[in-house]
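Listed here are the chains, written in short residue letters.
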4 protein chains.
Amino acid sequence: MERGVKKTSRAERKARRPHEILEAAFEEFAAKGYAATRVEDIATRLRITKGTVYLYFPTKDVLFQEMFRHAATSSADLSTAIGCLRGSCAERIRDLLLIAYENTANDRKTRELLRLSVAEGARLPEMVDCRHELFIAPTLAALTALVKEGVKSGELRQDTAADTPDVLASSIFQVAAWRLMSADREPIDGKALMESHIDLVMHGLVQPSGRMA
Amino acid sequence: MERGVKKTSRAERKARRPHEILEAAFEEFAAKGYAATRVEDIATRLRITKGTVYLYFPTKDVLFQEMFRHAATSSADLSTAIGCLRGSCAERIRDLLLIAYENTANDRKTRELLRLSVAEGARLPEMVDCRHELFIAPTLAALTALVKEGVKSGELRQDTAADTPDVLASSIFQVAAWRLMSADREPIDGKALMESHIDLVMHGLVQPSGRMA
Amino acid sequence: MERGVKKTSRAERKARRPHEILEAAFEEFAAKGYAATRVEDIATRLRITKGTVYLYFPTKDVLFQEMFRHAATSSADLSTAIGCLRGSCAERIRDLLLIAYENTANDRKTRELLRLSVAEGARLPEMVDCRHELFIAPTLAALTALVKEGVKSGELRQDTAADTPDVLASSIFQVAAWRLMSADREPIDGKALMESHIDLVMHGLVQPSGRMA
Amino acid sequence: MERGVKKTSRAERKARRPHEILEAAFEEFAAKGYAATRVEDIATRLRITKGTVYLYFPTKDVLFQEMFRHAATSSADLSTAIGCLRGSCAERIRDLLLIAYENTANDRKTRELLRLSVAEGARLPEMVDCRHELFIAPTLAALTALVKEGVKSGELRQDTAADTPDVLASSIFQVAAWRLMSADREPIDGKALMESHIDLVMHGLVQPSGRMA
DNA sequence: CATGAATGAGTTTTCATTCAT
DNA sequence: CATGAATGAAAACTCATTCAT
């Protein structure tokens, strides 16, 4: 009962509660969706009771929205990673796509946010916007900048694709969608698929000799 | 009682009911998800009462599953289209991708089935398998065959991408995901994006001269 | 299609309908009770539809009551049997009790009416009165007359029992109650029990020698 | 907030709730039968709401079964009474039958359990078995033992009735059945009828002198 | 007459939310 | 702070009854 014994004092516990609840809410909402999740399920996961959840969040709806925001911001460390890219444009694009892949399709948390965005998107547009601002927009901006730079320097082709560089990221969605639907029943090698995709968009499928002729 | 007045006789009405209900169920379930949709909403959409819905489907759950199967099969006419492809391998791949795009990302019905697969997929694996068999599998099979043929004839590069031809279809998912999330608030030109993607994967982003050196 | 071929003409069928429905209603109500029986169950038993039942009976409630009355009157042929009794008073009492047993505890129909009287009796007092008039009252009247006659002639003891001759019939209820509850899972030899009971009430359990002393 | 005002604290209330609900359920189910009783009726009787009932019992069906078990066990104090019998065999049999009468036919609770057993017996065989074990079996066992003892000591006749001593208890069922059906509209003097019955089975209806000849 | 599609009032059950302890 | 008993509004599902054919 001395102070040193309890690693988590009451005060600490209290301070952590909202965070814990948001984490538990994430798990439950992601697994069952908004409507099918009961506030009590979330509480039970933390071995507390419904009432306690309502001490920190006024309604289920607010809890859901804060959970989403919390989950989204807590895993959004793309920008720092983007700043560290080095090498040729092609190399940096490649690395950027791999980073985006790791953060979007390969990270369970971000992937489940995508699921929620798709499932409840019509109900809560802010959710989608939130995801967009934090994940999509920075990645696209970086991609656009990189392609532009590469075209300017002559490293990359000046082509229709240069205008919509987001297509470069398409396979990320493919892997994410696959994982969300198959629920790990048929796992795919996402990284290998990403590498294939990058190789493909970099060098094309058609024989270059054909183009030379 | 004159002939012209009542176009729909009792028998006709009855014959159409299951179909009507499945259509209405599709709209409601797609818009709000399984749990948040009330059977009464589906009924009201048809100006009938809950009871009538239960005359044709024993439970909400069965209604959902039959709705999914119905919606999936009613829009699956890919295989016939696939059989009509003509031209070089590259051309046929291009056309195939555009067809798949039209059927998956651009068709509201199929797109909403994707949403349901993502949203309720964990709950109902058969749904996902159903979608896979009807949409994904045939497309991938056709793509694989085309790439193999192209590589053999020398038209296409023998490369890593040839082993996982499904990456060719990745942008379809991207467009679909985008549309599902933005709910038409920020429409994108899917066809243009598809064209860009096809152009990209066909000819590559990197300057061919660079590869020659 | 000739007249002779159809054994049951349409008219005959029609005339029999109410009777058939009442019989079917008896089976269903007896098996499940009033509230748990659906009008459709009754119709299905006759391979007709609900609507047809309502053609003959305005409500479920009326159907129930008429079913009860019909079932009760159709099996009430006690009085004729009572008139045929012959022999000494003791013999006639014995035979009367055996007849009453056959008609009340051993006859499925009458037994089920007892079940309904007990189950729904509070709801429908007329039912009970109906049963009483048709079964109980005549039997008791006959019993009373027989006991009175026997006492007068000196064949039977003048005792308290002579005042409430209905106790003579008590084991009928016992067998009936047993059968209603055990639902044939533990059949009992009702006739043997009745014989025992009759023997008992006739000659007593206590050693007569004890009384002589 | 003074002590005297709130006799029932929250904890007390909660501890009593299951018991209260079972009692209320007994009243409602006994009065209207399983199917015709609404969970809300049970709640209203306690001035609480449906929801509260479901806090303690998961379904109406479970509530019914637990109610039955509760009511059956709460009124089963036969065995102690049976142990206190004194006097000659005939006296003890007499007293035993009167006790059984008090507990079965004359006790409203037990009588209503008989009604439920008859009414819903086909649906729930365990109910009947439960009643049998708690009421019928011990009484019959005691009766059998007493008759056997009496026959051995010569106090009682060795006769057919000695083999099926349950007929001794038959009038209990008669009184119970009568009360269940007449619903107190035509009250009978159960005790007098029991006394008559006991007298009858003890000494017989037929003149003993007749037997001596 | 007979049908069975349709209705709508009712019943069981669930769950977000409140609040006394 | 935390609890969990209680509520009440809602949702799934049922069924007696009606009525157009």
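Chain A is annotated in an unreviewed UniProt entry as TetR/AcrR family transcriptional regulator of Rhizobium changzhiense.

Student: Before we move on, could you go through the relation of the copies chain C and chain D and cite the residues and values that matter?
Tutor: When chain C is brought onto chain D, the operation consists of a screw motion whose angular component is 179° and whose axial shift is 0.1 Å, with 0.1 Å RMSD remaining. Taken together, the rotation angle and the small translation identify this as a two-fold axis. Taking C-alpha positions as reference, the residue of chain C nearest the rotation axis is Gly 204 of chain C, located at 1.7 Å. A shared binding surface is used by both copies, with 96% of the interface residues of chain C retained as interface residues in chain D.

Student: I'd love a proper account of unusual backbone geometry, names of residues and values included.
Tutor: Here the phi dihedral of Arg 47 of chain A falls at roughly 60°; this positive angle occurs in a residue that is not glycine. Looking at the secondary structure, you find Arg 47 of chain A in the loop between helix H2 (39-45) and helix H3 (50-56).

Student: Now, about the interface of chain B and chain A: what can you tell me, with residues and values included?
Tutor: Interfaces are often sized by the amount of accessible area the parts lose when they come together. Each side of the interface is counted separately: chain B has 53 residues, and chain A has 53 residues. Across the chain B to chain A interface the summed buried area is about 5100 Å²; carbon plus sulfur atoms make up 65%. It is Arg 157, Met 181 and Leu 205 of chain B that lose the most area in chain B upon contact with chain A, and together they represent 15% of the buried surface on that side. Viewed at the interface, chain A and chain B are joined by 2 salt bridges. With its nearest N and O atoms 3.6 Å apart, the salt bridge here joins Asp 199 of chain A to Arg 157 of chain B. Taken together, the connections running from chain B to chain A amount to 5 residue pairs in polar contact (both at pLDDT 80 or more).

Student: Please provide a residue-by-residue account of the UniProt feature "DNA-binding region" (unreviewed entry) in chain A, values included.
Tutor: As annotated by UniProt and renumbered to match this structure, "DNA-binding region" (unreviewed entry) occupies residues 38-57 of chain A. Secondary structure over residues 38-57 of chain A splits into 70% helix and 0% strand, and the C-alpha atoms at its two ends are 14 Å apart.

Student: I'd like to hear about the packing of helix H7 (residues 108-120) of chain D against helix H8 (residues 125-153) of chain D, residue by residue, with values.
Tutor: All names here are of chain D. Running from amino to carboxyl end, H7 crosses H8 at an angle of 145°, the nearest separation of the two axes being 9 Å. Handedness of the H7/H8 crossing: left-handed. Note on element contacts: H8 touches H7 through Met 127, Val 128, Arg 131 and Phe 135, opposite Thr 110, Leu 113, Leu 114, Leu 116, Ser 117 and Glu 120. Split into classes, the residues belonging to the contact of H7 with H8 amount to 6 nonpolar, 2 polar and 2 charged.

Definitions and cut-offs
- Residues numbered from 1 in each chain as written.
- Chains lettered and ligands numbered in written order.
- Predicted model: local features only at pLDDT ≥ 70, side-chain atom pairs only at ≥ 80, totals over all residues.
- Heavy atoms only, no water.
- Least-squares fit on C-alpha atoms with pLDDT ≥ 70 in both.
- Contact = heavy atoms within 4.5 Å.
- Helix = DSSP H or I, 4+ residues; strand = E, 2+ residues; numbered from the N terminus.
- Buried area = accessible area lost by both parts, 1.4 Å probe.
- Salt bridge = Lys/Arg side-chain N within 4 Å of Asp/Glu carboxyl O.
- Polar contact = N/O pair within 3.5 Å; in protein donor to acceptor, adjacent residues only side chain to side chain.
- UniProt positions renumbered as here; feature names shortened; annotations may be inferred.
- Axes fitted to C-alpha atoms, helices over the stretch in contact; angles between N-to-C directions.
- Left-handed = near helix turned anticlockwise from the far one by under 90°.
- Nonpolar A, V, L, I, M, F, W, Y, C, P; charged D, E, K, R; others polar.

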